[in-house]
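Single-letter residue listing:
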2 protein chains.
Amino acid sequence: MKKTISFLLLSVSSLNFSMLSAQEAIWSSNDIISPEILQDNKVIFRIYNPTNQKVLLTGDFLEVSDVENMPKVQGSPLFVELKQTSDSVTYEYVSKPLKSELYSYSFFVNGIKVNDPSNVNLVRDVSSISNIFIVGDGKAELYKTQSIPHGTVSKRWYSSPSLNMERRMTVYTPPGYEESNKNYPVLYLLHGMGGDEDAWMTLGRATQILDNLIAQGKAEPMIVVMPNGNVIQEAAPGESSLGFYKPTMLLPKTMEGTMEETFPDIVSFVDNNYRTIKSKEGRAIAGLSMGGFHSMGISREYPDVFDYVGLFSAATLPSDNFYQKEAVKSTVYEDVNKKIEIQFTKNPRLYYIAIGKDDFLYQANQDYLNKIQGKSFVYIESEGGHTWRNWRDYLSDFVPRLFK
Amino acid sequence: MKKTISFLLLSVSSLNFSMLSAQEAIWSSNDIISPEILQDNKVIFRIYNPTNQKVLLTGDFLEVSDVENMPKVQGSPLFVELKQTSDSVTYEYVSKPLKSELYSYSFFVNGIKVNDPSNVNLVRDVSSISNIFIVGDGKAELYKTQSIPHGTVSKRWYSSPSLNMERRMTVYTPPGYEESNKNYPVLYLLHGMGGDEDAWMTLGRATQILDNLIAQGKAEPMIVVMPNGNVIQEAAPGESSLGFYKPTMLLPKTMEGTMEETFPDIVSFVDNNYRTIKSKEGRAIAGLSMGGFHSMGISREYPDVFDYVGLFSAATLPSDNFYQKEAVKSTVYEDVNKKIEIQFTKNPRLYYIAIGKDDFLYQANQDYLNKIQGKSFVYIESEGGHTWRNWRDYLSDFVPRLFK
């Protein structure tokens, strides 16, 4: 028996060592916990720093008042410095108590950006990777995976005949979808510039928001379809035949009509492949920033297809013939005012516009509100700017208004 | 027209700036490409390093001969140093021509591990995040997303009545599954210690390997089910109601019988929810390391359920009553030799064992081969050790042998 146990220990420890060694992950810092969220919602950030490098922290929870002795350049990120602790090799920073939210942060070691080696929770935003953490006990409980029924999230490829491409979309089907024979309504949820079919599921926490709102009885069970809004892409960077490459924000053909013109391919695929409610009252379309621009254009171009429209910090850019500068002569931006009249004559059940007071698109949204003055819409004006924090809020507020 | 265009430019550039600022990603290094794979398969690694820090590179492509003037400790990772280039702020390292493979690497800045800020392609292995890249023109073409039909990858929750838990699995359905009425065979593919239901899809490139082998006509279209082999987990770290936490290698109840005892819940869910071939000849089970141990035990415990068995670098640990040390008194490890006799009497179509010469489990595998001497099995002895490089190779070799 003794022999058996020591063989077991030997096996397990050599397994451990061998696998760690295979991945070059031998860390003296393996026992460091970072970030640690305390009872009072203060957060401790830690890094193993045996050579006493200068380590800074930047994150979207920092406020100007948190920063001491640090040059503050207008519009630049805020930084605080991690301080040596009593063990001399661990450095840390303790935040003030934070409100319930999903936050992102990074370390900088002597000017080089470093993800927190103790936090495996990362998100990509265009070409930038940041660590994330969630402070709960408030609205961000919606962003957590809770012990409730969960929907299925699929990465699925479909044919787009109009683009002559195979493309990838993310599809959320609600809890119970597979077991029932019911038809479900569909929310088409579009990303912004630099995003892709993964964005709403990662930075947007759409899976968790939907699961939670459905479990709480606040939202109808619905399918959520997240296509890729960059019509030149088959799929997200690294997920297509282009292989691994560095994503960029600005891509050709994102806001010149092709997305709007070819969108029927997506609706048609979804209606043919999922148990959907195949009529206007069973369809919503919403998006952030560029995706708001697309949602505005698509719902206007096909006024009998979507009964619910959500424009989150939308690029509600000017009107008639605005984007006719490229070779593609899309008719999508022709006669916009007339199309808006037609769309509203058909009484969409919800036309929802949300924008933050500090958003650089605030004025463009005010101009758009003026344009549709007198029509029936919901307008939400929030604090803050052009951020995922707002887009998660808007989604959480928008989804309970659908299909009721 | 002039006004229109300048408004457009203003909008786009402020959109760009605002979103970058929101994500704290203002980089002077945005134009750096790293890694860059050259025509001759040399690879250049670059980092923006304006403060002239000492930057080291470690990666699984380095060999002892690549390393100059660097302390070499037996078994420790190899490091090379990035050198300043003529622009004085970019540092780089140029590798020798590399063989076709998926490689992983990290930078170290003054002893602190840093992911390459120019490479968004990352994988998590237990609690360690590394960058990856693929050198093609050889076997690693199987690991790339090619312009071919693609299967669907779903994250799906299921009930495990025996564990009284809702748990998450990854399911690959092959191209054509959704459009056909056919029943498909199923490969159950299990991860190793420290892994979870995501591991085969990230480090294992299982989606790409299956898509490519099916498109080449080398593998039968099949469903691949990747459950979570840690019976105390609902789902991968960060994906369950435990929230975000730091993953660890060693978890309770991984190799004491519960996984084997409760596995029928998984088969039963899959048979009830997918169009499967619901008999022995339509089922395979394979796994790496701990997952090989599980595959060995499950296929032995249920000798009428799986016709194909794959043990990849399996923990083929000793036999009768070996793991009877915990409170759970599983019968799974009782009468092992007798169960092996029964299993082989039933003539499994394939019993496949693969192990690397340098694997710390090499001798345990030799002992197991001795035990099953005279039975019908396939034995593959490869170079290398207990690495994902080998497990991708074994999967690529194993899958074409199934369901034919």
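Above this text is the structure in question.
Computed from a prediction, not measured in an experiment: that's the story for all the values here.

Engineer: Mind laying out unusual backbone geometry, listing which residues take part and the relevant values?
Structural biologist: Glycine aside, residues mostly have negative phi angles, and peptide bonds mostly take the trans form. Residues and elements named next belong to chain A. With omega at -10°, the peptide bond leading from S34 into P35 counts as cis. Within the element layout of this structure, P35 appears in the loop between α1 (2-22) and β1 (36-37). At K253, a residue that is not glycine, the phi angle is positive and equals roughly 60°.

Engineer: Explain the sheet that holds strand β1 (residues 36-37) of chain B to me, using residue names and the numbers behind them.
Structural biologist: All names here are of chain B. Taken in spatial order, the four strands make up an open sheet running β1-β2-β6-β5, and their pairing is antiparallel. The open sheet has two edge strands with one neighbour each: β1 and β5 (83-84). Where β5 and strand β6 (residues 90-94) come together, two bridges link them in antiparallel fashion. Its bridge partner lying in β6, Q84 is registered against Y91.

Engineer: Could you give an account of the side chain of A:D196, naming the residues involved and the relevant values?
Structural biologist: All names here are of chain A. The residue D196 is located in the loop between β13 (186-190) and α2 (199-202) in this model. The buried category is assigned to D196, whose relative accessible area is 4%. In this structure the side chain of D196 is engaged in a polar contact, spanning 2.8 Å, whose partner is the backbone nitrogen of D198. Residues in contact with D196, not counting those within four places in the same chain, are R124, H191, N228, Q233, A236 and P237.

Engineer: Give me the sheet that holds strand β5 (residues 83-84) of chain A: which residues, what numbers.
Structural biologist: All names here are of chain A. Pairing is antiparallel across the open sheet formed by four strands, whose spatial order is β1-β2-β6-β5. At either end of the open sheet lies a strand with only one pairing partner, and these are β1 and β5. Sheet topology places β1 next to strand β2 (residues 43-48); two bridges connect them, and they run antiparallel. Considered in β2, the bridge of E36 is made with I44.

Engineer: Please give an account of the environment of B:M226 that cites residues and values.
Structural biologist: Note that B:M226 resides in strand β14 (residues 223-226). Residues B:M226 and B:A206, 20 residues apart in the sequence, show an inter-C-alpha distance of 9.9 Å.

Engineer: Outline the packing of helix α4 (residues 258-273) of chain B against helix α5 (residues 290-301) of chain B, supporting the account with residue identities and numerical values.
Structural biologist: All names here are of chain B. It is at 9 Å that the axes of α4 and α5 come closest, and there the two elements cross at 65°. For the pair α4 and α5, the crossing hand works out as right-handed. Packed against α4, whose contacting residues are M259, E260 and F263, the element α5 presents F293, H294, G297 and I298 at the interface. Looking at the contact of α4 with α5 residue by residue, the classes come out as four nonpolar, two polar and one charged.

Engineer: Any details on the packing of helix α5 (residues 290-301) of chain A against helix α6 (residues 336-345) of chain A? Residues and values, ideally.
Structural biologist: Residue and element names in this part refer to chain A. Contact geometry for α5 and α6: axes closest at 9 Å, N-to-C directions at 70°. Between α5 and α6, the interaxial angle falls into the category roughly perpendicular. Every residue of α6 that contacts α5 at S299, R300 and E301 is listed here: V336, K339, I340 and Q343. When the residues that make up the contact of α5 with α6 are grouped by side-chain class, the tally is two nonpolar, two polar and three charged.

Engineer: Can you lay out the side chain of B:H191 for me, pointing to particular residues and giving the numbers?
Structural biologist: Residues and elements named next belong to chain B. Inspection of the secondary structure assignment puts H191 in the loop between β13 (186-190) and α2 (199-202). Using a relative accessible area of 2% as the deciding quantity, one classes H191 as buried. Separated by 2.6 Å, the side chain of H191 and the backbone nitrogen of G229 make a polar contact. Leave out the neighbours within four places in its chain, and H191 touches D196, E197, A199, W200, P227, N228, G229, N230, L288, M290 and G291.

Cut-offs and rules
- Residues numbered from 1 in each chain as written.
- Chains lettered and ligands numbered in written order.
- Predicted model: local features only at pLDDT ≥ 70, side-chain atom pairs only at ≥ 80, totals over all residues.
- Heavy atoms only, no water.
- Helix = DSSP H or I, 4+ residues; strand = E, 2+ residues; numbered from the N terminus.
- Pairing = 2+ DSSP bridges.
- Buried < 20%, exposed > 50% of the residue type's maximum accessible area, 1.4 Å probe, protein only.
- Polar contact = N/O pair within 3.5 Å; in protein donor to acceptor, adjacent residues only side chain to side chain.
- Contact = heavy atoms within 4.5 Å.
- Axes fitted to C-alpha atoms, helices over the stretch in contact; angles between N-to-C directions.
- Left-handed = near helix turned anticlockwise from the far one by under 90°.
- Nonpolar A, V, L, I, M, F, W, Y, C, P; charged D, E, K, R; others polar.
- Parallel < 35°, antiparallel > 145°, perpendicular 65-115°, else oblique.

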